[in-house]
Amino acid sequence: MLTDLFTPSLLHTLDIAGVFVFAISGALLAVRKNFDVFGIVVLAEATATGGGLVRDVIIGAVPPAAFTDLAYLITPLTAAVLVFFLHPEVERINRAVGVFDAAGLGLFCVVGTTKAYDHGLALPFAALLGVVTAAGGGVLRDVLANEVPSLLRWDREIYAVPAIVGAGMCALLIQFGALNPVTSALSAATAFVLRLCAMRFGWRAPRAWNRSSTRAERE
Amino acid sequence: MLTDLFTPSLLHTLDIAGVFVFAISGALLAVRKNFDVFGIVVLAEATATGGGLVRDVIIGAVPPAAFTDLAYLITPLTAAVLVFFLHPEVERINRAVGVFDAAGLGLFCVVGTTKAYDHGLALPFAALLGVVTAAGGGVLRDVLANEVPSLLRWDREIYAVPAIVGAGMCALLIQFGALNPVTSALSAATAFVLRLCAMRFGWRAPRAWNRSSTRAERE
Amino acid sequence: MLTDLFTPSLLHTLDIAGVFVFAISGALLAVRKNFDVFGIVVLAEATATGGGLVRDVIIGAVPPAAFTDLAYLITPLTAAVLVFFLHPEVERINRAVGVFDAAGLGLFCVVGTTKAYDHGLALPFAALLGVVTAAGGGVLRDVLANEVPSLLRWDREIYAVPAIVGAGMCALLIQFGALNPVTSALSAATAFVLRLCAMRFGWRAPRAWNRSSTRAERE
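Residues numbered from 1 in each chain as written. Chains lettered and ligands numbered in written order. Predicted model: local features only at pLDDT ≥ 70, side-chain atom pairs only at ≥ 80, totals over all residues. Heavy atoms only, no water.

Each copy of the sequence occupies a distinct position, and chain B is placed on chain A by a rotation of 120° and an axial shift of 0.0 Å, giving an RMSD of 0.0 Å. Expressed as a symmetry operation, the mapping of one chain copy onto the other fits a three-fold axis. Minimal C-alpha distance to the rotation axis in chain B is attained by N146 of chain B, lying at 3.9 Å. Mapped onto chain A, only 9% of the interface residues of chain B again fall at the interface, so the copies present different surfaces. (Least-squares fit on C-alpha atoms with pLDDT ≥ 70 in both. Contact = heavy atoms within 4.5 Å.)

Have a look at this one:
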């Protein structure tokens, strides 16, 4: 198993750190949407574990990790409690939250790709599920909050591209038998840095070609 | 199997009663949203069977009960037809529908917890899936109708708390080997009464602490 | 296996054609919603493979076909690229897209029913999953785009009825041992023609009975 390459405790710690920052982003959106304390908890849990949940259901790894490891239940709960009491402070360090979220993105796209490959998926699909692991929780968060998923919106910095690059690097490394803790970390770091740059420099993805000439624009 | 504790026919009857009242709530929302007759049927089916469907997919009990037992298909259909023709009358007895919905909530959180435990999940996750069984259909209903899930909203009476209490009681009873038809019914009844009180006395859950001082409030 | 009745290559070609036109409809909605290029790709993939994905998860056929056959990944991608560059032209042939979408609807409801039956589901549920296969992708598309699913809306031509008729015919043919390539094609063609008529003559499904007398109407 590729996942044996890593010290289990280190990988698990990183994973839980990713869960925590994703949960913070879910809880903050719940506060902004004026949800009650259970809305905050639900959105924290969904954001943190949604991507991995979808991946595990698709690869047939049921019950999913989110339903067998207590850390996946308690960590988002802690994040929700923290945001419940300290959200003005958390909002103030929103940029720091963005940095952690980028770290979670990098980590999850690599972990997701590796786990999907270990369950027998071909590499292109493993990489796709890596992207789903990294970005799926945020999409679920936005759907539950009845907002257009920020992943899809033109007026947000790119989020999918860093995940695609990280998951793609990871898949190529597996293809050439070169995946090890160092190259894994490198893939995650690449996605992380790309996302940081996207936030810092406002990188956006283009909309459809020649958009202004369409009927839709004038509506 | 814990589910052997119950007379199958009694449990099944209660289960179908829960499916029926949940379907009524879905069909009524569809009428309010001005959906056509198929929209009414889809929302009735999704509300009634959505929570159990998600639970069964997560615990790996596929095909889910909703796709093996005709009662789960026909009962929501009947509710949809009823609402299609009689919705003004059903609206008028909306309070009665609320009572039945509370009964469904109580029943489903206990049935869901028991079934998840029988499929090998640890007790905290079994209780979590009990809550998902009870509240998931309503969330799916609201997402399909493009509304903010009423489960998450601050301005609605608490819905998750009664389910959490009922599922938690059920999990504790399993833990101490004390689950039997009587204590099961007691767990369901506790959730039922809590939800009734929440509706009667307008119990709401708090929003985030010190909310008024945040930027979000002034938006 | 019933699916052995068909020349694999012919069935696969038709299937991919259905995936392609569904992806076009997803990509066009993404352009109208002003999504960026990744939003276009995500909506194309979700619309094209969403229905089959839900079916495969429910019948336990994991990993789903969408994650084992590269054609399901590349075809929507191609459709997304096409729409990205040529969306004004594609919009102009919107009626043609509607015809292809109707063809996809007819094909998918028959393929979905057959596959679900092959996985051991009873015929009513197999037909239900046929409808889910045909219409589920469009619902997922609309939920992701934060719109009321057009399947549920009163002011859209009927979409579910043709799928229900096609899937129901297919189920009846299986029941009487009369399913073969010719009768299968006939089921798909019936759904296709019904949907074309619905678009041509503006067929709509009724809303709830006596609707104007309700409180909802005056809101």
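More follows now that the structure is in view.
Now for the environment of A65 of chain B. All names here are of chain B. Secondary-structure assignment places A65 in the loop between α2 (37-59) and α3 (70-92). Sequence separation between A65 and H12 is 53 residues, and the spatial gap between their C-alpha atoms is 12 Å. Leave out the neighbours within four places in its chain, and A65 touches D56, Y72 and K115. (Helix = DSSP H or I, 4+ residues; strand = E, 2+ residues; numbered from the N terminus.)

What follows concerns helix α3 (residues 71-92) of chain C. Helix length check: α3 of chain C (22 residues) gives 27 Å between terminal C-alpha atoms against 32 Å at 1.5 Å per residue, more than 12% under. Taking the largest bend as the criterion, α3 of chain C deviates by roughly 95°, centred on L86 of chain C, and proline P88 of chain C comes between one and four positions later. (Expected span 1.5 Å × (residues − 1). Bend = angle between axes of the 7 residues up to and from the residue.)

If you look at the interface, chain A gives 32 residues, while chain C gives 31 residues. Carbon and sulfur atoms supply 72% of the area buried between chain A and chain C, which totals about 2700 Å² over both sides. When the area that chain A buries against chain C is broken down by residue, the three leading residues are I58, F125 and L152 of chain A, summing to 25%. Summed over the shared surface of chain A and chain C, the number is zero salt bridges. Where chain A meets chain C, there are three residue pairs in polar contact (both at pLDDT 80 or more). When residues of the side of chain A that touches chain C are assigned to their parent elements, the largest contribution, six residues, is made by helix α5 (residues 123-144) of chain A. A per-class count over the side of chain A that touches chain C returns 22 nonpolar, five polar and five charged. (Buried area = accessible area lost by both parts, 1.4 Å probe. Salt bridge = Lys/Arg side-chain N within 4 Å of Asp/Glu carboxyl O. Polar contact = N/O pair within 3.5 Å; in protein donor to acceptor, adjacent residues only side chain to side chain. Nonpolar A, V, L, I, M, F, W, Y, C, P; charged D, E, K, R; others polar.)

Right, let's talk about the pattern of salt bridges for a bit. Taken as a whole and judged by the stated rule, the model has 15 salt bridges over all chains. One salt bridge connects D56 of chain A with R55 of chain A, and the closest N-O pair in it is separated by 3.0 Å. Taken as a pair, D56 of chain A and R55 of chain A share a single burial class, namely buried. The partner of D155 of chain C in a salt bridge is R153 of chain C, with the nearest N and O atoms 3.0 Å apart. Salt bridges sharing partners connect three or more residues here, namely R55, D56 and K115 of chain A. (Buried < 20%, exposed > 50% of the residue type's maximum accessible area, 1.4 Å probe, protein only.)

A full pass over the atoms with the stated rule returns zero disulfides over all chains. With no disulfide of its own, C197 of chain A lies 15 Å from the sulfur of C109 of chain A, the closest cysteine sulfur. Classification of C197 of chain A by relative accessible area gives partly exposed; the value is 21%. Left unpaired, C170 of chain C is separated from the closest cysteine sulfur, that of C109 of chain C, by 7.6 Å. (Disulfide = S-S within 2.5 Å.)

Below, the discussion takes up the UniProt feature "domain: Glycine transporter" (unreviewed entry) in chain A. Residues and elements named next belong to chain A. Using the residue numbers shown here, the UniProt feature "domain: Glycine transporter" (unreviewed entry) corresponds to residues 13-87 and 99-173. Across residues 13-87, helical content stands at 80% and strand content at 0%; the span's end C-alpha atoms are separated by 24 Å. Taken as a whole, residues 99-173 contains 75% helix and 0% strand, while its terminal C-alpha atoms sit 26 Å from one another. (UniProt positions renumbered as here; feature names shortened; annotations may be inferred.)

Turning our eyes to something else, we now look at the relation of the copies chain A and chain C. Aligned on chain C, chain A shows an RMSD of 0.0 Å; the corresponding rotation is 120° and the shift along the axis is 0.0 Å. An asymmetric contact is evident, with only 9% of the interface residues of chain A recurring at the interface of chain C.

The next point concerns the UniProt feature "transmembrane region" (unreviewed entry) in chain A. Here the UniProt-annotated "transmembrane region" (unreviewed entry) positions come out as residues 12-31, 38-58, 70-87, 99-117, 123-145, 157-178 and 184-203 of chain A. As a span, residues 99-117 of chain A carries 100% helix and 0% strand, and end to end its C-alpha atoms are 28 Å apart.

Attention shifts here to unusual backbone geometry. Residue and element names in this part refer to chain A. Backbone torsion omega between V62 and P63 reads -10°, so that peptide bond is classified as cis. Structurally, the position occupied by P63 is in the loop between α2 (37-59) and α3 (71-92). The phi dihedral of N146 is positive, around 60°, even though this residue is not glycine.

This part covers the side chain of T49 of chain B. Residues and elements named next belong to chain B. Within the fold, T49 resides in helix α2. The class for T49 is buried, based on a relative accessible area of 13%. In this view, T49 contacts A66 and Y72; residues no more than four positions away in its chain are not counted.

This part is about helix α4 (residues 94-118) of chain A. In a regular helix each residue adds 1.5 Å, so 25 residues correspond to 36 Å; α4 of chain A covers 35 Å between its end C-alpha atoms and thus fits that length. G120 of chain A occupies a position one or two residues after α4 of chain A and carries a positive phi of about 95°.

Bringing the interface of chain B and chain A into the picture now. Contacts between chain B and chain A engage 32 residues on the former and 31 residues on the latter. Taking both partners together, chain B and chain A bury about 2700 Å²; carbon and sulfur atoms supply 71% of that area. For the chain B face of the interface with chain A, the top three residues by lost area are I58, F125 and L152 of chain B, together amounting to 25%. The tally of links between chain B and chain A comes to three residue pairs in polar contact (both at pLDDT 80 or more). Listed by contribution, the elements that provide at least two residues to the side of chain B that touches chain A are α2, α5 (123-144), α6 (160-175) and α8 (215-218) of chain B. With six residues, the top contributor of residues to the side of chain B that touches chain A is α5 of chain B. When its residues are assigned to classes, the side of chain B that touches chain A shows 22 nonpolar, five polar and five charged.

A word on the packing of aromatic side chains. Two aromatic rings, taken as a pair, are described by how far apart their centres are and by the angle between their planes. The full count for this structure, using the stated rule, is 12 aromatic pairs over all chains. Look at F22 of chain C and F108 of chain C: their rings are 5.0 Å apart centre to centre, the planes differ by 75°, and that puts the pair in the edge-to-face class. With F22 of chain C in helix α1 (residues 8-32) and F108 of chain C in helix α4 (residues 94-118), the pair connects residues that are 86 residues apart, well separated along the chain. Given the relative accessible area of 5%, F108 of chain C is considered buried. A cation over an aromatic ring shows up here: R204 of chain A above the ring of W154 of chain A, its NZ or CZ 5.7 Å from the ring centre. (Phe/Tyr/Trp six-rings, centres within 6.5 Å; stacked < 30°, edge-to-face > 60°. Lys NZ or Arg CZ within 6 Å of the ring centre and 35° of its normal.)

Right, let's get into the side chain of R141 of chain B. Note on placement: R141 of chain B falls in helix α5. Ignoring any residue separated from it by four or fewer positions in sequence, one finds R141 of chain B in contact with S25, G26, L29, L43, T47 and S150 of chain B.

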